[in-house]
Amino acid sequence: MKACTPDPPLSAAQWRLVLSLTEEGCSLREIAERPDMPGWHVLRRHVRGSGARAAGFARARMLAAEAFEDRLIKELETIKGEDTAAMRLRIDTLKWLMARRAPARYGEKAEESDARPERPAVVRRVIIDPPDPSS
């Protein structure tokens, strides 16, 4: 059985590069393949080993969504001509992006059904005594 060896240290400069590349949309595996970086497993343990690093990495991943969005919009701009399917894809993609950026305004109705249902109106019952037939 192999003895456990500690992870090699990750310098502050390497960590800044990890965050920067993550923000640009690179995966942790892609970053680990760089010659100046430790392996994927080591990077994962460094990310998980510190709450501050995990929070920074999560923020970088959120910022990567913007990089993907920019890349997607550039790809959409390359669609030219009268191709109906391509134009439909372009419109659907833009609608999807709008729904993610402003879900309250452009989200689908299915998302609204997840909200708490309204309380029913108050029901009042009034029982009226029927008139006595003998009177």
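Residues numbered from 1 in each chain as written. Predicted model: local features only at pLDDT ≥ 70, side-chain atom pairs only at ≥ 80, totals over all residues. Heavy atoms only, no water.

Novice: Looking at this model, I keep getting lost on the nonpolar core. Mind explaining?
Specialist: When a protein is soluble and globular, its nonpolar side chains tend to lie buried together. Ranked by internal contacts, the top residues of the largest apolar core, which has 14 residues, are W15, V18, L28, I31, L43 and F57. Among the secondary structure elements, those contributing two or more residues to this core are α1 (12-23), α2 (28-32), α3 (40-49) and α4 (51-77). A total of four residues in this core trace back to one element, the largest contributor, which is α1. When sequence neighbours within four positions are dropped, the list of residues in contact with V18 reads L28, I31, M37 and L43. (Core = buried A, V, L, I, M, F, W, Y, C linked by side-chain atoms within 4.5 Å. Buried < 20%, exposed > 50% of the residue type's maximum accessible area, 1.4 Å probe, protein only. Helix = DSSP H or I, 4+ residues; strand = E, 2+ residues; numbered from the N terminus. Contact = heavy atoms within 4.5 Å.)

Novice: Help me out: how do you make sense of the packing of aromatic side chains in this one?
Specialist: Working definition: an aromatic ring pair is given by the centre-to-centre distance plus the angle between the planes. Under the criterion given, the structure shown has zero aromatic pairs. Of note, R29 hangs over the ring of W40, and the distance from its end group to the ring centre comes to 3.6 Å. Geometry around W15 places R53 over its ring, the cationic atom sitting 5.1 Å from the centre. (Phe/Tyr/Trp six-rings, centres within 6.5 Å; stacked < 30°, edge-to-face > 60°. Lys NZ or Arg CZ within 6 Å of the ring centre and 35° of its normal.)

Novice: Where do I start with the packing of α4 against helix α5 (residues 84-101) in this structure?
Specialist: The packing of two helices is summarised by the inter-axis angle and the distance between the axes. The N-to-C vectors of α4 and α5 enclose an angle of 155°; their axes lie 10 Å apart at closest approach. With respect to each other, α4 and α5 are oriented roughly antiparallel. Crossing handedness for the pair α4 and α5: left-handed. Contact with α4, carried on its side by E69, L72, I73, L76 and E77, involves L89, R90, T93, L94, L97 and R101 of α5 and no other residues of that element. Classifying every residue of the contact of α4 with α5 by side-chain character gives six nonpolar, one polar and four charged. (Axes fitted to C-alpha atoms, helices over the stretch in contact; angles between N-to-C directions. Parallel < 35°, antiparallel > 145°, perpendicular 65-115°, else oblique. Left-handed = near helix turned anticlockwise from the far one by under 90°. Nonpolar A, V, L, I, M, F, W, Y, C, P; charged D, E, K, R; others polar.)

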